[in-house]
Amino acid sequence: APAAAFCGAPYPRWTYFADWDETLARVSVPGIAAAAEPGVYVRCLGDKKEERKAKANPLLIIPGGPGLPHDYLETLEGVAGAGAPRRVIDFDPLLTGKSAEYMRMVAASNAKKGREMASEADFGDAQRQFLREAAGQAAQARAAGSAFLQKENRGLHVLGHGAFGAAAGLRLLGESLSTAGSSMRVVSLTLASPLARSGPKFNDGVPVADASVNYACVDASVASAAGGLAASSDSEGRRELLSSLGALEAQRDVVRASGVPVYVTLTGAELKADAGAADDLAGRLEACFGRVEAKRYQNNDELVHLARRDDYVEGLVAFLDDADGYVPPQWQREAADEACLAEDA
């Protein structure tokens, strides 16, 4: 079952007034006819008009897994309620979450009308392998971002969570830099817990006894992934991550000239598991991009965005605002301070 909004946490005040929309974005999958292309469920939260006034760019969130739906990252929608007025775009990868639900509904409806539409049965080993690679995840992310940026001359901030989400984010950036006339202009990249554990093991070791953190959304996301792209390994995720980074390193001059800033968040769990890998990744990112900001949450696991929700969103918003050149007006800074005091109380 889908997780409660904001991972079971109370709705922040701003959510009651937030604009939102949802749609299905068609995705090309190898081996599936164009006429039967499946749709990825995409959700967009935030005010487009206010975003334009602020000259800000929306944030696209790519979940990890592979194949985890967006539920466990929903608290990051707090970005839409802080800093610049900025839309947040989430999506559920194919075969998971609402994408799976809508696939069943649409396929059943079209079958009655005699129309062709892909169903889960059409996803054999080759199609599932495509979805568990950075190329497949990036293709879905591209479709999700384009769904709400059609005919808009906007850039896009990209956040990828876990090794698979980070790999897809890196690949999406590479495509935007190397494809002439690309409609997907990536203006910043956030790699959130890029060395996190993958697949079903993602929920292992989470301190569920910590009453201050609600992990229900994580359980729901992992359960959904088990129905679609369950089996994976940490080495598989790491391989996709380093492969995507290697492709960017091959065009380092282009990457550096783009000036795209990178924000990396690492946790104590990742550092404890492989501090050498964390240092190596940081060094390679610095050499490739030049402009890299890193934040380490030493006392947290890969789900730090839940355990330290407000602090995590605050750091992310500061990075995005800086990338957009946005300076919050005085009233907005005061409102944010009051909201923090109210939550602390």
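Nothing here was measured: the structure is a model prediction, and the numbers come from that model.

1. Notes on the overall build of the protein
Across its full length, the protein carries 13 helices and 8 strands. Out of the 345 residues belonging to the protein, those deemed buried represent 52%. The contacts of the protein with a sequence gap of at least 6 include a subset with a gap of at least 24, amounting to 80%. For the protein, the computed accessible surface area is about 15,100 Å², with 51% contributed by carbon and sulfur atoms.

2. A look at helix α12 (residues 309-324)
In a regular helix each residue adds 1.5 Å, so 16 residues correspond to 22 Å; α12 covers 22 Å between its end C-alpha atoms and thus fits that length. Turning to α12, its buried residues are Tyr312, Val313, Gly315, Leu316, Val317, Phe319, Leu320, Asp321 and Asp324. Where α12 is buried, its residues touch β3 (59-62), β5 (156-161), β6 (186-192), β7 (262-267), β8 (292-297) and α11 (304-307). Once α12 ends, the next one or two residues include Gly325, with phi positive near 70°.

3. Some words on the packing of aromatic side chains
By the definition in use, this model includes 3 aromatic pairs. Relative to Phe319, the ring of Tyr263 lies with its centre 5.1 Å away and its plane at 20°, an arrangement referred to as stacked. One end of the pair, Tyr263, is in strand β7; the other, Phe319, is in helix α12, and 56 residues separate them in sequence.

4. Section: unusual backbone geometry
One non-glycine residue with positive phi stands out, namely Leu95, at about 75°. Of note in the backbone geometry, Ser193 takes a positive phi value of approximately 50° without being a glycine. By relative accessible area, Ser193 is classed as buried at 1%.

5. Brief notes about the pattern of salt bridges
Counted according to the given criterion, the structure contains 16 salt bridges. Note that Arg86 is salt-bridged to Asp324, the shortest N-O span being 2.8 Å. Highlighted residues: Arg86 in the loop between β3 and β4 (88-92) and Asp324 in helix α12, separated in sequence by 238 residues. A residue is classified by how much of its surface remains accessible, and Arg86, at 0% relative accessible area, is buried. Salt bridges sharing common partners tie together Arg86, Asp321 and Asp324.

6. A look at the confidence of the model for the protein
When pLDDT is averaged along the protein, the result is 83; 81% of the residues meet or exceed 70. The lowest-confidence element of the protein is helix α13 (residues 330-344), averaging 58 in pLDDT; the highest-confidence one is β3, averaging 97.

7. Side note on the sheet that holds β7
The strand order β1-β2-β4-β3-β5-β6-β7-β8 describes an open sheet built from 8 strands, whose pairing is mixed. Two strands bound the open sheet, and with one partner strand each, they are β1 (20-26) and β8. Taken over all neighbouring pairs, the strand axes of this sheet differ in orientation by 20° on average, direction set aside. With 6 bridges connecting them, β5 and β6 associate as parallel partners.

8. Description of the packing of helix α5 (residues 162-178) against helix α7 (residues 234-249)
Across the interface, α5 lies against α7 with an axial gap of 8 Å and an inter-helix angle of 20°. Taken together, the axes of α5 and α7 are roughly parallel relative to one another. As for how α5 packs across α7, the hand of that crossing is left-handed. For the pair formed by α5 and α7, the contact residues are Ala163, Phe164, Ala166, Ala167, Leu170, Arg171, Leu173 and Gly174 on the first element and Glu236, Gly237, Arg238, Glu240, Leu241, Ser244, Leu245 and Leu248 on the second. For the contact of α5 with α7, a count of residues per class yields 9 nonpolar, 3 polar and 4 charged.

9. Quick word on a nonpolar patch on the surface
The grouping of Tyr11, Tyr16 and Phe17 at the surface amounts to a nonpolar patch, some 450 Å² of accessible area in total. Along the polypeptide, Tyr16 turns up in the segment before β1. When its relative accessible area of 60% is taken as the criterion, Tyr16 is described as exposed.

10. Here we look at the side chain of His70
Along the chain, the position of His70 falls in the loop between β3 and β4. The class of His70 is buried, set by a relative accessible area of 7%. Here Asp92 takes part through its side chain, which lies 2.6 Å from a polar atom of the side chain of His70. Every residue in contact with His70, bar those within four places of it in the chain, is listed here: Tyr41, Arg43, Asp90, Phe91 and Asp92.

11. What about helix α10 (residues 275-289)?
Under the 1.5 Å per step criterion, the end-to-end length of α10 is 21 Å for 15 residues, consistent within 8% with the ideal 21 Å. For α10, every residue scored as buried is listed here: Ala277, Ala278, Leu281, Leu285, Cys288 and Phe289. Angularly, the buried residues of α10 cover 105° about the axis, an arc narrow enough to put them on a single face. Gly290 sits one or two positions beyond α10 and adopts a positive phi of about 85°.

The rules behind each value
- Residues numbered from 1 in each chain as written.
- Predicted model: local features only at pLDDT ≥ 70, side-chain atom pairs only at ≥ 80, totals over all residues.
- Heavy atoms only, no water.
- Helix = DSSP H or I, 4+ residues; strand = E, 2+ residues; numbered from the N terminus.
- Buried < 20%, exposed > 50% of the residue type's maximum accessible area, 1.4 Å probe, protein only.
- Contact = heavy atoms within 4.5 Å.
- Areas by Shrake-Rupley, 256 points an atom, 1.4 Å probe, with all protein chains shown as cover.
- Expected span 1.5 Å × (residues − 1).
- Phe/Tyr/Trp six-rings, centres within 6.5 Å; stacked < 30°, edge-to-face > 60°.
- Salt bridge = Lys/Arg side-chain N within 4 Å of Asp/Glu carboxyl O.
- pLDDT = per-residue confidence, 0-100.
- Pairing = 2+ DSSP bridges.
- Axes fitted to C-alpha atoms, helices over the stretch in contact; angles between N-to-C directions.
- Parallel < 35°, antiparallel > 145°, perpendicular 65-115°, else oblique.
- Left-handed = near helix turned anticlockwise from the far one by under 90°.
- Nonpolar A, V, L, I, M, F, W, Y, C, P; charged D, E, K, R; others polar.
- Patch = residues over 30% accessible without salt bridge, like charges linked within 9 Å, V, L, I, M, F, W, Y side chains within 5 Å.
- Polar contact = N/O pair within 3.5 Å; in protein donor to acceptor, adjacent residues only side chain to side chain.
- Arc of directions from axis to C-beta.

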